[in-house]
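Spelled out, the chains give:
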Amino acid sequence: MNTVETLRALQAAMAAQGLDAYLVPTADPHGSEYVSPHHKARAFMTGFTGSAGNLLVTKQDARLFVDSRYYLQAEQQIAGSGILLMKEGLPGVPSLSQFILETLPGQTLGLDGRCVSLDQAKAWAKAVTVVDVDLISPLWQDRPALFTGEAFRLADHLAGRTAQDKLRDLRSQLKAAGAKAMLLTDLMDCAWLLNIRGQDIPHTPVVRMFVLAEAESLFLFMEDKAAAPIQAYLKELGAEIRPYDAVYAFLSRYGAGDTLLVTPSLSFALGQPLLERGVQLTESAWSARSRNFKTPGELKAIREAHIKDGVVMTRFLRWVKEQGGTGLDEAGAAARLDQMRLEAGCSDISFTTISAYGPNAALPHYSAPAQGSAKLEKKGLYLVDSGGQWPGATTDITRTVAMGPLTRAEKAHCTLVVRAMLALMDAAFPRGMDGSHVDVFARRPLWAAGLNYGHGTGHGVGAMLSVHEGPARINYGQQNTLPFQPGIVISDEPGLYFEGEHGVRMENLVECVELPTGMLGFVPLTMAPIDRDVLDPALMEPIDIRRLDAYHALVYDALSPYLHGEDLDYLENATQAL
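A quick note: this is a predicted structure, and the numbers were derived from the prediction, not measured.

Engineer: Quick question: what am I supposed to make of the domain arrangement of the protein here?
Structural biologist: Note on interface size: it is often stated as the accessible area lost on association of the parts. Per the domain assignment, the segments of the protein are domain 1 (3-139), domain 2 (152-284) and domain 3 (293-565). A C-alpha centroid distance of 32 Å is found between domain 1 and domain 3. Between domain 1 and domain 3, the buried area comes to about 880 Å², and carbon and sulfur atoms account for 59% of it. On the domain 1 side of the contact with domain 3, Y34, R69 and L72 bury the most area, a combined 58% of that side's loss. Where domain 1 touches domain 3, the interface holds zero salt bridges.

In C-alpha cells, the structure reads:
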C-alpha cells in the first residue's frame with residue numbers, strides 16, 4: 001500500500017474501534033529519542049524519516065506535526081500524500097497538544113499506550129477519552145522484528161562509579177520518599193545505573209529493558225539473549241532476570257497505599273493501571289540528573305575519546321576538501337567518515353551522519369539518500385555533523401568547510417557562526433545559571449546582524465549513551481533546565497540556514513568547569529580544526545581572532561603527536577594563527 005492507501009486503512013480501523021482520532025508518535029516504550037526500526041511507525045505511515053514528529057489522523061484528514069528542524073524535510077517527504085503539515089512554532093500553528101485539547105474535546109483518541117507517556121496521556125484526557133489500542137501492527141505486514149543483542153559490562157574505570165554504589169544511592173532515594181520501589185523505564189537510566197551497555201537501539205549502545213528496584217530486591221525485565229553474557233555480574237548485583245514483557249503483569253504487586261518512584265518516560269500502558277489501583281506515582285529526576293554530572297573516570301574517557309575522534313575528523317577534513325568535482329557525493333562522503341571511525345576503534349557511530357552539500361545544508365537534520373545524493377563540487381559549502389561511540393564516551397561534532405570559492409554571503413554567515421560558537425565556549429557566568437541564560441552568549445553576534453536559528457544551541461551528551469542527554473540543554477526558549485555545574489558535558493552548536501541557498505553549523509562539545517575567578521565556564525572537548533577558508537577576518541573582532549587562535553593551538557598540541565605526512569601538514573596549516 002502507498003501512503004494514501006495506508007491512511008485510509010487506518011481510518012477504517014479507527015471506525016471499527018469507534019475512534020474519532022488516532023495518534024502515531026515517534027516513540028517506543030522507553031521514551032527514546034532514537035528508536036529501533038520496529039518502532040518507526042510514524043515513518044511507515046507517512047514516509048517522513050526525521051527523528052521527531054507526530055502523525056494525528058482523524059475521520060476527515062491526517063496532520064503531521066514537526067518542529068523547525070524538519071519543516072523542509074517533512075514538506076518534501078510527504079508531498080502528494082494529502083497529509084497536512086503542521087509547522088509547530090510558527091505563528092498561528094497549534095502544537096499537537098493544543099490541537100488535541102482545542103479541536104477534539106469530547107471525542108475519543110486512540111493510541112498505542114506503550115509508546116505515549118503517562119503524563120502526556122493524562123494531559124490529553126482532560127479533553128478527550130484516551131483509548132489504548134495498537135492499530136498499526138495489523139497494517140504493517142512486514143514490520144521489522146525487535147532486535148536483541150548481547151549486553152556487556154562497562155568497566156568501572158570508565159564509569160567512575162560502581163553499580164553497587166549507584167544502587168545504594170537509589171535505595172536512599174526510596175527511603176527518603178517512603179517509596180516501595182523505583183521503576184526505571186528510560187534505557188539510558190537503566191544502562192547508566194547498572195554500568196552495562198548493549199546493541200538494541202541503532203547508534204545508542206543500550207539494552208532494551210526495564211529496571212525495578214526495591215529496598216531488598218532488584219528485578220530486570222530483559223531478553224535472555226541480552227542477559228546471558230553478563231549473567232554472573234548481574235547476579236553479583238542481586239538481580240533477578242524476568243522476561244521483558246512480564247513487567248506489565250508484575251507491577252500488579254503494587255496497590256493502594258504504595259508509592260513508586262518513576263521517571264518521565266513512564267508509559268501510559270504501564271502507569272495507568274497503577275493509578276487505577278490507587279498506587280501513588282512520584283516522579284523522580286534522580287537518575288537523569290545524576291548521569292548529567294560526569295564522574296572523573298567518565299571525563300577521562302571522554303577527553304581521550306575526543307583526541308581519537310579529532311584525529312579521524314582531521315584526516316577526513318583534509319581528504320574531503322580535496323574531493324570537489326571528483327564525483328564524490330554526500331552519501332559517499334558520509335560512508336567514508338563512518339568507516340574511518342569504525343577502523344579507529346568506535347563500536348558504532350552515535351547517530352546517522354548528516355552529510356549535506358550546498359542547499360541541502362539548509363535542512364538542519366538533512367538525510368542524504370543512499371542513491372542519487374548531491375555531488376560535492378569545487379565551490380560552495382559542505383556541512384558534516386557526525387559522532388561516534390567510543391569506549392566510555394560519545395562524540396558529536398559539526399564542521400562546515402569550503403569546497404572551493406565562496407560567495408560573500410557564505411563567508412559572512414560562516415564567520416558569524418564561528419564567532420557565536422567561540423563566544424559561548426569562552427563564556428563566564430555565575431553558579432545557578434542554566435542553558436536558558438547562557439544561550440545569549442552564542443546568539444548575540446547573530447542577533448546583532450538581524451539573524452537567528454530555530455534550534456537549541458546545546459544539548460547534553462551521554463557517556464557512551466545517547467548523543468542527546470537531558471535535562472541539560474542550552475536554549476533561551478526553554479526555562480528551568482538543569483543549572484550548570486562542573487562535570488556537565490554539553491554541545492555548543494549555533495547555525496544559520498537559508499532555504500535553497502546554503503546552511504552553516506559549527507559544533508564543539510564542551511565541559512563545564514570552575515574558572516580561576518570562581519565563575520563557571522567551558523573548556524572544549526572537541527579537538528578538530530575549524531576551516532579558515534570559510535572565514536572573513538575583516539568581519540571578526542580582535543577577541544574573535546584571539547579565541548580562534550587559542551583554540552587552534554589546543555587542537556594542534558592535542559592531535560599533532562598522532563598525525564603524520566599529509567595529515568600532519570594539513571593540521572599545521574589549518575591551525576596557524578589567523
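Engineer: I keep staring at the state of the cysteines and nothing clicks. Help me out?
Structural biologist: Should the sulfur atoms of two cysteines be covalently bonded, the bond is a disulfide. A complete count under the given rule lists zero disulfides for this structure. Not part of a disulfide, C115 finds its nearest cysteine sulfur in C190, a span of 16 Å. For C115, a relative accessible area of 12% gives the class buried.

Engineer: Help me out: how do you make sense of the packing of helix α16 (residues 408-425) against helix α17 (residues 435-448) in this one?
Structural biologist: Axes are the key here: two packed helices are described by the angle between their axes and the distance separating the axes. The contact between α16 and α17 brings their axes to 8 Å, and the two run at 155°. Between α16 and α17, the interaxial angle falls into the category roughly antiparallel. Relative to α17, the crossing made by α16 is right-handed. For the pair α16 and α17, the contacting residues are L416, V417, R419, A420, A423 and L424 in the first and V438, F441, A442, P445 and L446 in the second.

Engineer: Where do I start with helix α12 (residues 268-276) in this structure?
Structural biologist: Since the α-helix advances by 3.6 residues per turn, residues separated by three or four positions end up pointing in the same direction. Buried within α12 are the following residues: F268, A269, L270, G271 and L274. A positive phi of about 90° marks G278, the residue just after α12.

Engineer: Looking at this model, I keep getting lost on empty space enclosed by the protein. Mind explaining?
Structural biologist: Summary: where empty space remains is shown by rolling a probe the size of a single water molecule over the atoms. Taken as a whole and judged by the stated rule, the model has two cavities of 30 Å³ or more. Volume-wise, the largest cavity comes out at about 100 Å³. Looking at the largest cavity, the residues that line it are Y22, L23, V24, P25, A27, H39, A41, D112, C115, D134, I136 and R143. If one sorts the elements of the lining of the largest cavity by residue count, strand β1 (residues 21-24) sits on top with three residues. Looking at the lining of the largest cavity residue by residue, the classes come out as eight nonpolar, one polar and three charged. Here the second largest cavity is characterised by a volume of approximately 30 Å³. Every residue lining the second largest cavity is listed: D28, H30, V35, S36, H39, L146, L187, I201 and R208. Tallied by class, the residues present in the lining of the second largest cavity amount to four nonpolar, three polar and two charged. Domain assignment of the residues forming the lining of the second largest cavity places at least three in each of domain 1 (3-139) and domain 2 (152-284).

Engineer: I tried to follow the packing of aromatic side chains on my own but got confused; where do I start?
Structural biologist: In this description, a pair of aromatic rings is defined by centroid distance and the angle of the planes. Counting across every chain of the model gives 13 aromatic pairs. Taken together, a centroid distance of 5.4 Å and an interplanar angle of 50° make the contact between F429 and F522 tilted. In this pair, F429 is assigned in strand β21 (residues 428-429) and F522 in strand β28 (residues 520-524), connecting sequence segments 93 residues apart. Using a relative accessible area of 1% as the deciding quantity, one classes F429 as buried. Judged by relative accessible area, F522 falls into the buried class, the value being 5%. Grouped by ring-pair contacts, the aromatic residues F210, Y244 and Y248 constitute a single cluster. Directly above the aromatic system of Y453 lies the positively charged group of R443, at a separation of 3.8 Å from the ring centroid.

Criteria and thresholds
Residues numbered from 1 in each chain as written. Predicted model: local features only at pLDDT ≥ 70, side-chain atom pairs only at ≥ 80, totals over all residues. Heavy atoms only, no water. Domains from an automatic or database assignment. Buried area = accessible area lost by both parts, 1.4 Å probe. Salt bridge = Lys/Arg side-chain N within 4 Å of Asp/Glu carboxyl O. Disulfide = S-S within 2.5 Å. Buried < 20%, exposed > 50% of the residue type's maximum accessible area, 1.4 Å probe, protein only. Axes fitted to C-alpha atoms, helices over the stretch in contact; angles between N-to-C directions. Helix = DSSP H or I, 4+ residues; strand = E, 2+ residues; numbered from the N terminus. Parallel < 35°, antiparallel > 145°, perpendicular 65-115°, else oblique. Left-handed = near helix turned anticlockwise from the far one by under 90°. Contact = heavy atoms within 4.5 Å. 1 Å grid on protein atoms, 1.4 Å probe; cavity = no way out; pocket = protein on both sides within 12 Å on 5 of 7 lines; lining within 4 Å. Points joined across faces, edges and corners; volume = space filled by probe spheres on them. Nonpolar A, V, L, I, M, F, W, Y, C, P; charged D, E, K, R; others polar. Phe/Tyr/Trp six-rings, centres within 6.5 Å; stacked < 30°, edge-to-face > 60°. Lys NZ or Arg CZ within 6 Å of the ring centre and 35° of its normal.

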